Amino acid sequence: DRFFTRPENFRGWLAGSELFQKNDSTGLEELSARGKALLDSSLTRYNNSSVEGPIVVEGYWAGEDPVDRIAFSRVRAILVSQYLENHFHIDSGNIGIVSMKNSPPPGLGHQTWDGICIVIPRKASPSAS
């Protein structure tokens, strides 16, 4: 969607190695304490109004298997969106997720990615009357 891929939108690129850790009992990824702190910092660095408008969490996973890339990038996006929704009390209608496998949209400075990207669309300036 061109609205979300505009270069002027805020994009917070966060590496999976900094956000996630393996749960020893299940073997699945979960947000680490450091990952939660990075998410907090990323969202509050933008500004407080970021929790009032739409937010998209793009999930990326750079594994070899194409099916796993879809599944694990989606799980990462879900984990982050659930955390943001609960921690910042974001209305669930204002946060979306997208499984991007390992391929960011062109022109955003990354050929591939392994982690997440938080996208906060920049509001269009009102036209002068």
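This text goes with the structure placed above it.
Before going into details, it helps to say that this report is about the structure given with it. Keep in mind the model is a prediction, meaning the values are calculated, not measured.

Conventions used here
Residues numbered from 1 in each chain as written. Predicted model: local features only at pLDDT ≥ 70, side-chain atom pairs only at ≥ 80, totals over all residues. Heavy atoms only, no water. Helix = DSSP H or I, 4+ residues; strand = E, 2+ residues; numbered from the N terminus. Contact = heavy atoms within 4.5 Å. Buried < 20%, exposed > 50% of the residue type's maximum accessible area, 1.4 Å probe, protein only. Salt bridge = Lys/Arg side-chain N within 4 Å of Asp/Glu carboxyl O. Phe/Tyr/Trp six-rings, centres within 6.5 Å; stacked < 30°, edge-to-face > 60°. Core = buried A, V, L, I, M, F, W, Y, C linked by side-chain atoms within 4.5 Å. Pairing = 2+ DSSP bridges.

## Looking at the side chain of Arg76
Point 1. One can find Arg76 in helix H4 (residues 66-88).
Point 2. Not counting the four nearest positions on each side in its chain, Arg76 is found in contact with Gly16, Phe20, Glu29, Tyr60, Trp61, Asp114, Gly115 and Ile116.

## Details of the side chain of Ser73
Point 1. Turning to its location among the elements, Ser73 is positioned in helix H4.
Point 2. According to the relative accessible area criterion, Ser73 is buried, its value standing at 0%.
Point 3. With residues up to four places along the chain from it excluded, the contact list for Ser73 reads Gly59, Tyr60, Trp61, Asp68, Ser99, Met100 and Lys101.

## Focus on the pattern of salt bridges
Point 1. This structure, assessed with the given rule, holds four salt bridges.
Point 2. The partner of Glu58 in a salt bridge is Arg11, and the shortest N-O contact between them spans 2.5 Å. With Glu58 in strand E4 (residues 55-60) and Arg11 in strand E1 (residues 10-15), this residue pair connects regions lying 47 residues apart in the sequence. The residues Glu58 and Arg11 share a single accessibility class, namely buried.
Point 3. Taken together, the shared-partner salt bridges in this structure form one network comprising Glu29, Arg76 and Asp114.

## Observations regarding the packing of aromatic side chains
Where two aromatic rings form a pair, the distance of their centres and the angle of their planes describe that pair.
Point 1. Within the structure shown, the criterion is met by three aromatic pairs.
Point 2. Ring geometry for Trp61 versus Phe72: centroids 4.7 Å apart, planes at 50 degrees, classification tilted. Of this pair, Trp61 sits in the loop between E4 and H4 while Phe72 sits in helix H4, placing them 11 residues apart in sequence.

## Some words on the nonpolar core
Point 1. Grouped together as the largest cluster of nonpolar side chains are 19 residues, with contacts concentrated most on Leu39, Leu43, Val80, Leu84, Ile116 and Ile118.
Point 2. The leading source of residues in this core is H4, at five residues.

## Digging into the pairing of strand E6 (residues 115-120)
Point 1. Here E6 lies mainly inside the structure; six of its six residues are buried.
Point 2. Relative to E6, E1 runs antiparallel, the two being bridged by six bridges. When the bridges of E6 are listed, Gly12 appears paired with Ile118.
Point 3. Relative to E6, E4 runs antiparallel, the two being bridged by five bridges. In the strand pairing of E6, Gly59 is matched with Ile116.

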